[in-house]
Amino acid sequence: MLFADTLFHEIGHHLDATIGAPAPSGEAAAEQWSNRLSARYLRKRYWYLVPLLKVFGALLGGIVRRRVAGWKRENNAGGKTPNQPGPADR
Ligand SMILES: [Zn+2]
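The rules behind each value
- Residues numbered from 1 in each chain as written.
- Predicted model: local features only at pLDDT ≥ 70, side-chain atom pairs only at ≥ 80, totals over all residues.
- Helix = DSSP H or I, 4+ residues; strand = E, 2+ residues; numbered from the N terminus.
- Buried ≥ 20, exposed ≤ 12 C-beta atoms within 10 Å, placed from the backbone.
- Contact = placed C-beta atoms within 7 Å.
- Expected span 1.5 Å × (residues − 1).
- pLDDT = per-residue confidence, 0-100.
- Axes fitted to C-alpha atoms, helices over the stretch in contact; angles between N-to-C directions.
- Parallel < 35°, antiparallel > 145°, perpendicular 65-115°, else oblique.
- Left-handed = near helix turned anticlockwise from the far one by under 90°.
- Nonpolar A, V, L, I, M, F, W, Y, C, P; charged D, E, K, R; others polar.
- Arc of directions from axis to C-beta.

Student: What is the right way to read the overall build of the chain from this model?
Tutor: A count of helices and strands for the chain gives 3 helices and 0 strands. Beginning at the N terminus, the succession of helices and strands in the chain can be written as α-α-α. Per-residue burial for the chain yields a buried fraction of 7% across its 90 residues. Excluding contacts between residues fewer than 6 apart, the proportion of contacts in the chain whose partners are at least 24 apart in sequence is 28%.

Student: Mind showing me how you'd approach the environment of methionine 1 here?
Tutor: Relative to the elements of secondary structure, methionine 1 occurs in the segment before α1 (2–19). Judged by the 9 C-beta atoms lying within 10 Å of it, methionine 1 falls in the exposed class. Note: C-alpha distance between methionine 1 and leucine 42 (41 residues apart in sequence) is 10.0 Å.

Student: When you look at α1 in this model, what are you seeing that I'm missing?
Tutor: For an α-helix, the turn length of 3.6 residues means that residues three or four places apart are oriented alike. For α1, built from 18 residues, the straight-helix expectation of 26 Å at 1.5 Å per residue is met to within 8% by its first-to-last C-alpha distance of 25 Å. Where α1 is buried, its residues touch α2 (27–45). Glycine 20 lies just past α1 and shows a positive phi near 90 degrees.

Student: What is the right way to look at the confidence of the model for the chain in this model?
Tutor: Interpretation of this model should avoid reading the predicted coordinates in detail wherever pLDDT is low. In the predicted model, the chain carries a mean pLDDT of 85, and the fraction of residues at 70 or more is 86%. The weakest mean pLDDT in the chain belongs to helix α3 (residues 49–75) at 88; the strongest belongs to α2 at 94.

Student: Explain the packing of α1 against α2 to me, please; I cannot follow it from the model alone.
Tutor: Two measures define how a pair of helices packs: the angle their axes make with one another and the distance between the axes. At a minimum axis separation of 7 Å, α1 and α2 run at an interaxial angle of 125 degrees. Between α1 and α2, the angle falls in the class oblique. Relative to α2, the crossing made by α1 is right-handed. Here Ala4, Asp5, Phe8, His9, Ile11, Gly12, His13, Leu15 and Asp16 of α1 lie close against α2, whose contacting residues are Ala29, Ala30, Glu31, Gln32, Trp33, Ser34, Leu37, Ser38 and Tyr41. Of the residues belonging to the contact of α1 with α2, the class tally is 9 nonpolar, 6 polar and 3 charged.

Student: I tried to follow α2 on my own but got confused; where do I start?
Tutor: Here α2 contains 19 residues, and its C-alpha end-to-end distance of 26 Å stays within 8% of the 27 Å for a straight helix at 1.5 Å per residue. Within α2 the residues assigned to the buried category are Ala30, Trp33 and Ser34. One side of α2 carries all its buried residues, which in axial view fall inside an arc of 105 degrees. In this structure, α2 carries Ala39 and Arg43 as exposed residues pointing more than 90 degrees from its buried face. Buried positions along α2 lie against α1.

Here it is in structure tokens:
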């Protein structure tokens, strides 16, 4: 992938010079193109991971969101959000 990043970056310079880019030209434009080309390449090369990642994202996303919400509650227990019940209120 290191090689691909460099290659896509250089191709990005070429695309910027020929058809333009959504970012200001120069390095920013080459990076924008590099990101686009990398995403396209990964989707084409690892297409079978997309549904798997969606399933894992749905499964793990809920767990992660609950953990983050719990962590935020614990850290706000001092009382910055008085309307939300904290762990001490249960
Ligand atoms: Zn460059």
